[in-house]
Amino acid sequence: FAGYGMGERFAAYASAERHADAATAARAGGAAAPATAAPPLAPIFVGGCAGGVLQCFVVSPVELVKVHLQSSSPKEAGAGLLAGASKVYATIGVPAIWRGLSATLLRDGLPHGVWFASYEWGKRELAARDPDRVLPTAAAPLSCGAFAATVAWAVGYPADIVKTRIQSPAHAGRDAPSVLAAGRELPA
């Protein structure tokens, strides 16, 4: 969640700068300074996208092994993660560990931005609707998290299906389809 914090800090900084400029202008013109507003969601979205993109470089090779283990026999899958990884990389070659990276970037980049921005939006909406803090302490973050996760997966799930098709053992030993080609195979 470093991306969320980074986006939140940037949004607060940008908002403070904007309000300071408005207050200076208001003093010069004699008008009252505007009321303080919540920081914009865009920096939180961008921070989430950045976090999602950065994690892809670790997640994509692990996902490749996971997809192959899920498609293997129970005996092969039961041999363990390291044995499965060794077999996958022996079959497709070490340079192919990045197979499916572009689809993983689509699956994790944009949806993480949506996730973080949706979570922040939900927190703000609940705070506005519950100014006296009637909701139990844990209910608000749990509700916002569930909402944000649902919205994010609605955005990212099609890319997850494409990623899984690209990383499928059916393509081992040959060129994997592109994101567009794998996307065209999806049912309409």
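Bear in mind the structure is a predicted one, so any value in this text is a computation, not a measurement.

Rules used in this analysis
- Residues numbered from 1 in each chain as written.
- Predicted model: local features only at pLDDT ≥ 70, side-chain atom pairs only at ≥ 80, totals over all residues.
- Heavy atoms only, no water.
- Helix = DSSP H or I, 4+ residues; strand = E, 2+ residues; numbered from the N terminus.
- Buried < 20%, exposed > 50% of the residue type's maximum accessible area, 1.4 Å probe, protein only.
- Contact = heavy atoms within 4.5 Å.
- Areas by Shrake-Rupley, 256 points an atom, 1.4 Å probe, with all protein chains shown as cover.
- Axes fitted to C-alpha atoms, helices over the stretch in contact; angles between N-to-C directions.
- Parallel < 35°, antiparallel > 145°, perpendicular 65-115°, else oblique.
- Left-handed = near helix turned anticlockwise from the far one by under 90°.
- Nonpolar A, V, L, I, M, F, W, Y, C, P; charged D, E, K, R; others polar.
- Phe/Tyr/Trp six-rings, centres within 6.5 Å; stacked < 30°, edge-to-face > 60°.
- Polar contact = N/O pair within 3.5 Å; in protein donor to acceptor, adjacent residues only side chain to side chain.
- pLDDT = per-residue confidence, 0-100.

Let us look at the overall build of the chain. Helix and strand counts for the chain come out as 7 helices and 0 strands. Mapped in sequence order, the helices and strands of the chain form the string α-α-α-α-α-α-α. Counting only residues that meet the buried cut, the chain has 33% of its 188 residues in that class. Expressed as a percentage of contacts within the chain between residues at least 6 apart in sequence, the contacts between residues at least 24 apart total 76%. Total accessible area computed for the chain in this model is approximately 10900 Å², and 68% of it derives from carbon and sulfur atoms.

Another aspect to go through is the packing of helix 2 (residues 42–71) against helix 6 (residues 139–167). Packing of helix 2 against helix 6 brings their axes to within 9 Å, and their N-to-C directions diverge by 70°. If you check the angle between helix 2 and helix 6, you find them roughly perpendicular. When you trace helix 2 past helix 6, the crossing you get is right-handed. Here helix 2 contributes S60, E63, L64, V67 and H68 to the contact with helix 6, which in turn contributes K163, T164 and Q167. Classifying every residue of the contact of helix 2 with helix 6 by side-chain character gives 2 nonpolar, 4 polar and 2 charged.

Turning our eyes to something else, we now look at the packing of aromatic side chains. Inspection of every chain in the model, using the stated rule, returns 3 aromatic pairs. Ring geometry for W121 and F147: centres 5.7 Å apart, planes at 40°, overall tilted. Residue W121 is located in helix 5 (residues 101–129), and its partner F147 is located in helix 6; the two are separated by 26 residues in the primary sequence. Classification of W121 as partly exposed rests on a relative accessible area of 40%. Plain terms: the ring middles of W153 and Y157 are 6.1 Å apart, the flat faces sit at 70° to each other, and that makes the pair edge-to-face. Of the two residues, W153 and Y157 are both situated in helix 6; the distance of 4 residues between them amounts to about one turn of the helix.

This part takes up the side chain of R107. Mapped onto the secondary structure, R107 falls in helix 5. Residue classification places R107 among the buried positions, given a relative accessible area of 8%. In this structure the side chain of R107 is engaged in a polar contact, spanning 2.8 Å, whose partner is the side chain of D108. Apart from residues lying up to four places away in sequence, R107 is in contact with V59, E63, W153, G156, A159, D160 and K163.

Moving on: the confidence of the model for the chain. The predicted model of the chain has a mean per-residue pLDDT of 81, with 76% of residues at 70 or higher. Of all the helices and strands in the chain, helix 1 (residues 2–29) carries the lowest mean pLDDT, 61, while helix 5 carries the highest, 93.

Before going further, it helps to examine the packing of helix 5 against helix 6. Pairs of packed helices are described in terms of their axes, by the angle between the two and the distance that separates them. It is at 8 Å that the axes of helix 5 and helix 6 come closest, and there the two elements cross at 170°. One element, helix 5, and the other, helix 6, form an angle in the roughly antiparallel class.

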